[in-house]
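So the chains spell out like this:
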Amino acid sequence: MNFQLLKKAFLVIIGFFLILLPYLWVNVYTLHIYTLIGIYIIISIGLNITFGHTGQISLGHAAFYGIGAYTSALLTVRLGFPFPIAFVCAGLVSLIFGFGVGSATLKLEGPYLAMATIGFGEIVRMVLVQWDKLSGGPAGITKIPDPSFFGFVLHSAQSKYYLVLTVAFLGFICYRNLMTSNYGKQFSAVKENPLAAQAMGVDTTRTKVVAFGLSTLYAGFAGSLYAHLNNYIAPDAFPFSESITLVLIVVLGGMGNILGPILGSIVLIEVKESLRMLKDYNMLIYGLILMVLMVFAPKGFAAINLSFLGQRLTRKTSKVLRS
Amino acid sequence: MIQILQQIISGFAIGSVYALVGLAFSLTVKALNAVNFATGDIFMVGAYLGITFLLFFKVPFFLSILGAMIVVSFIGIIFERVAYKPLYKAGLGRTETHIVLIISTIGTSIFLQNGSMLIWGPDALAFPRIFPKEPINILGMLLPIEYVWVIAMAILFMVILQFILQKTRIGKGLRATAQDRETAALMGVSLSLTDSLTFGLSAALCAVGGILIAPISFANPTMGLTYGMKGFTAAVMGGMGSVRGAIVGGIFLGILENVATGFISSTYKDVVAFSVLIIILIFRPSGLLLKPPQQKV
Amino acid sequence: MRTGRVKLIGTLVICFVFIFCCGEASLCKEPIKIGSLSALTGVGSQMGQCQRDSVIMVIDKVNSTGGINGEKIKYYIEDDQLQPTVAVNGAKKLVYNDGVQVVLGTPNSPTALAAMEVTWAAKVPQLMFGTAPKVTQLGNPWIFRVCPMDSVLGMHLVNFAVNVKKVQKIALMHDSTDYGKGGLASVLEALKKFNLKPVITETFNNEDVDFSSQINNIKSSGAQGFILYSLHVQGAQILNQSKKLGLSIPIFGSSGMLQGNFLSLAQDSAEGAFFVSYFSLDNPNPRVQAFIKEYKERYKYDPTPCSAVSYEGTNLVIAAIKKVGTDRTKIRDVLRSTKDYMGVSGRLTADETGEMGRGAIIVEIKGGKPVTIWASN
């Protein structure tokens, strides 16, 4: 059986499934969860670029997501900008902040970089809460318009789903092409061995800043989609725990793994929604799951050593058959 | 003038609690080279346990402190053995190890917070009124006795810690491991034991901090986040890994905050604190006290 | 490498199948379903749990006597973890997955606003228990607020301080959240009506530990009275420290302070303080006392003001369903026509924006217990 053919067939089936999803028997709530997963995929692709591939941790990425969301919301609500322009601006404003933070934190690593990014995330959240003339304060911005293109308004859950699906798909293609290109290999080089990379002529400083900038660009776009998906944003929607969720998605999917953000987003968001069933024990079990997952799957799900179990199973079975 | 002095002294008291948390961070960062996000929540559990021993089991005050310290150390060591040790033995790269440790400690933090809400309820818990109500009057300043108590006890525990680290064999082992793991192992120091002890010690310090702050401010399930962040800031300001640095950093932060509330509005005070933290991280990550290390090639 | 890919794809497939099974379609005749959304875990879960407890208590009682017109009510409880994103997910689950006719919640304004986007679009009535004025100013015909909003409560508090206690020089302190800022706005507006301004205004953050700076400033400002807009934990802190620092002027506190275990946290430093509220444990009305008794017997703690308004809300919804069935528009119309309903909080009369809470009371803490000393009509 030609594995390549099988793989292509499988991808086509998944593709059909994704496109027909709203018309299969799912309700608005489930569709909303799928759409949210799509948004997380977009941000985590970005975070994977800077963190998974280039090794620069960011524990404040929710702030860039928030900056994108607020930019898009303010432009459409206060200034009446059309959605496509607000969307692009959201990405650009986030990018500008990203370049700023990325350059400032270049020399930091490990726990120090983590703390600086947390600090930045908290400052953004606090400014959003306090500066109410700009941001609407803790109550946030309401009545954010639905996404619309040249008068064509996307109001239904289905249409929003397709919008996010399209953006996520395009974002993924760009990401994959970038990472598999020669230029893309520079990112991993910076993470694996920065000194060797420099010796080979890679400008590590620029690469790090570019990686960080790209990640914030993705986050900004995702933020814009989030704002118009829910028609409401508040500073509370971008807390530190959200940054943790993003990092977790990247780790669980496998840092530097191209399919990682997709896998990580689906699994984590699914798990979080399913934990609702546990009511009061919801978060307690979530904390426990985090610790357990790190012990058993530190390299992400793709690397779980199931083949090891498979081998033992075959060995045992052949022993039994022989006797 | 008197008012400023009063602010400084209360800042000193709160700052010494920040210092204890900062010390806890420094100890585990030195041992693991990763930030233990659960430090603040261990502090919180210490506070709740102290109050529980005192209030519900009617244990005498000093025994309550001791009891809380012991229980919390146990908890810290258990998490270290079960959840963290496997991670730095997993042989991942440096960045990966940092990150999985951070995520695991965040998991611990969420677990402790929610666990404590399930046990003690989501509301705040007040420390029993065992201190005399009248504040002491020194030179016209009204100082509630709790503040004096906090300063005295914090100093006591810091002295005890210094003694352990400098004079006992265990302490020397801890310091040796922090300086150079491989050499320490070659010299016969049990890495496994030292790591666990470091965690236990760090947790015990948190517990003390928690119990000390409880008479001034109530115990509530989310206090770990605030004090953890402040403690970490203190440790970074003074130089991560430095005992003296964490102490100075903590007290400085406490006083700075209290005095700043008087001059800037309280609301932007946190923004100022975080910005200061980031500036220090960017320009002098080794802290304000230590000399920056040479970059080894 | 191959096995890696297969595992990856396998996991994806399993996830898709799992997500599938979460969606269910309800096609039969509509059973009666009520949803409750509030913070059950994390910060803010004190109020969220009070809401849930009241809702369950009322529905269980109605079900035990056969339900509404012989049909039992199903209830769905969702947690919003005090986060708007989670609130939206919870609201969508209640509305689209569970198919509730009414959503009760939330006691917190940002999450209520987030959930409102969902219920408004889905044309489902929502009864909330937070106090930020913005909620009813957006033109949503499906939203209701069961407790009085901040501007009403602030007005009553200032009125009491100025008219009854004859305090002219007022010091004002509030927290930096929306609640505190909303309180500031309503107090300033109320003071304007008396041609007054506060002699000093102090702020604080909810994470702060030490308030001596602000308290000392108030002491030296010459204020005759102190209005404090805060939540209950910080409020208790401030009162404790005020007492220690020798602040002796009368204190007028917001409704957010007299919640949770405030009295056990503040103990004697709350003695003699005045609070504006819409529910008090000492209300001699037999209906109120019956509610308190029932709640305390079941849950072993005294009901809080949040418990009281959630109780009101649930009862109003059940009465509406009893009258007109499960049509959401009709339920909404019945609720909108509420007039002079006297339950266990204040008088409830709905206006066209959805505001229902009209009555307020002032309580004074005497001997460690709240005593109602003034009530609006």
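Residues numbered from 1 in each chain as written. Chains lettered and ligands numbered in written order. Predicted model: local features only at pLDDT ≥ 70, side-chain atom pairs only at ≥ 80, totals over all residues. Heavy atoms only, no water.

## Considering the overall build of chain A
Part 1: From N to C terminus, chain A includes 14 helices and two strands.
Part 2: Over its C-alpha atoms chain A spans a radius of gyration of 21 Å, differing by no more than 12% from the 20 Å that the globule rule assigns to 323 residues.
Part 3: Considering only C-alpha atoms, chain A reaches an extent of 80 × 55 × 45 Å along its principal axes.
Part 4: Per-residue burial for chain A yields a buried fraction of 58% across its 323 residues.
Part 5: Counted over contacts in chain A with a minimum sequence separation of 6, partners at least 24 positions apart contribute 78%. (Helix = DSSP H or I, 4+ residues; strand = E, 2+ residues; numbered from the N terminus. Rg over C-alpha atoms; globule rule 2.2 N^0.38 Å. Buried < 20%, exposed > 50% of the residue type's maximum accessible area, 1.4 Å probe, protein only. Contact = heavy atoms within 4.5 Å.)

## What about the confidence of the model for chain B?
Part 1: Of all residues in chain B, 93% have pLDDT values of 70 or greater, and the mean over the chain is 83.
Part 2: Reported confidences for the modelled complex are a pTM of 0.85 and an ipTM of 0.84. (pLDDT = per-residue confidence, 0-100.)

## A short note on the interface of chain C and chain B
Part 1: Chain C puts 37 residues into the contact, and the matching count from chain B is 33 residues.
Part 2: Contact with chain B buries surface across chain C, with C:Val209, C:Asp210 and C:Lys244 losing the most and accounting together for 23% of the total.
Part 3: Where chain C packs against chain B, one counts one salt bridge.
Part 4: Where B:Glu146 meets C:Lys244, a salt bridge forms, and the shortest distance between an N and an O atom there is 3.2 Å.
Part 5: Listing elements by their share of the side of chain C that touches chain B, those giving two or more residues are α2 (45-64), β7 (200-204), α7 (212-219), α8 (232-244) and α9 (262-266) of chain C.
Part 6: The greatest single-element share of the side of chain C that touches chain B, amounting to seven residues, is contributed by α8(C).
Part 7: Looking at the side of chain C that touches chain B residue by residue, the class counts come to eight nonpolar, 23 polar and six charged. (Buried area = accessible area lost by both parts, 1.4 Å probe. Salt bridge = Lys/Arg side-chain N within 4 Å of Asp/Glu carboxyl O. Nonpolar A, V, L, I, M, F, W, Y, C, P; charged D, E, K, R; others polar.)

## Some details on the pattern of salt bridges
All names here are of chain A.
Part 1: Considering all chains together, one arrives at 21 salt bridges over all chains under this definition.
Part 2: One salt bridge in this structure joins Arg-125 and Glu-122, with 3.1 Å as the shortest N-O distance. Placement of the pair is Arg-125 and Glu-122 together in helix α5 (residues 110-130), with a separation of three residues, close to one helical turn.
Part 3: Note on Arg-125: relative accessible area 22%, which makes it partly exposed.

## Observations concerning the state of the cysteines
Part 1: Under the criterion given, the structure shown has zero disulfides over all chains.
Part 2: This cysteine, C:Cys147, is not joined by any disulfide, and C:Cys306 carries the nearest cysteine sulfur, 8.4 Å off. (Disulfide = S-S within 2.5 Å.)

## Some remarks on helix α10 (residues 286-299) of chain C
Residue and element names in this part refer to chain C.
Part 1: Between its terminal C-alpha atoms α10 stretches 20 Å, which fits the 20 Å expected from 14 residues at 1.5 Å a residue.
Part 2: Regarding α10, the residues found buried are Val-288, Phe-291, Ile-292, Tyr-295 and Tyr-299. What you see down the axis of α10 is that its buried residues fit within an arc of 100°, all on one side. For α10, the exposed residues lying more than 90 degrees away from the buried face are Pro-286, Lys-293 and Glu-297.
Part 3: Buried residues along α10 sit against α2 and α11 (305-324).
Part 4: Of the residues that open α10, the one with a side-chain oxygen 2.9 Å from the backbone nitrogen of Arg-287 is Asn-285.
Part 5: Following α10 by one or two positions, Lys-300 adopts a phi angle in the positive range, close to 65°. (Expected span 1.5 Å × (residues − 1). Arc of directions from axis to C-beta. Polar contact = N/O pair within 3.5 Å; in protein donor to acceptor, adjacent residues only side chain to side chain.)

## Examining the sheet that holds strand β5 (residues 143-145) of chain C
All names here are of chain C.
Part 1: Spatial ordering of the open sheet is given by β2-β1-β3-β4-β5, a layout of five strands whose pairing is parallel. Among the strands making up the open sheet, the edge pair consists of β2 (73-79) and β5. Across the sheet, the axes of successive neighbouring strands diverge by a mean angle of 20°, strand direction being ignored.
Part 2: As paired elements, strand β1 (residues 32-38) and strand β3 (residues 102-104) share three bridges and run parallel to each other. (Pairing = 2+ DSSP bridges. Axes fitted to C-alpha atoms, helices over the stretch in contact; angles between N-to-C directions.)

## Some thoughts on the packing of aromatic side chains
Within a pair of aromatic rings, the relevant descriptors are the distance that separates the centres and the angle that separates the planes.
Part 1: This structure, assessed with the given rule, holds 37 aromatic pairs over all chains.
Part 2: Between B:Phe53 and B:Phe57, the ring centres sit 6.2 Å apart and the planes meet at 45°, which makes this aromatic pair tilted.
Part 3: Exposure remark for B:Phe53: the relative accessible area of 18% places this residue in the buried category.
Part 4: One aromatic cluster is present, built from ring pairs that chain together C:Phe279, C:Phe291, C:Tyr295, C:Tyr299, C:Tyr301 and C:Tyr311.
Part 5: The ring centre of C:Phe144 lies 4.7 Å from the NZ or CZ of C:Arg336, which sits over that ring. (Phe/Tyr/Trp six-rings, centres within 6.5 Å; stacked < 30°, edge-to-face > 60°. Lys NZ or Arg CZ within 6 Å of the ring centre and 35° of its normal.)

## Overview of the sheet that holds strand β10 (residues 274-277) of chain C
Residue and element names in this part refer to chain C.
Part 1: Across the sheet, seven strands lie side by side as β7-β6-β8-β9-β10-β13-β14; this open sheet has mixed pairing. Two strands close off the open sheet at either side, each with one partner strand: β7 and β14 (369-375). Mean inter-strand twist for the sheet, computed between neighbouring axes without regard to direction, equals 25°.
Part 2: Where helix α6 (residues 178-193) meets the sheet, it contacts β6 (170-175), β7 and β8 (225-229), and its direction lies at approximately 155° from that of β6.

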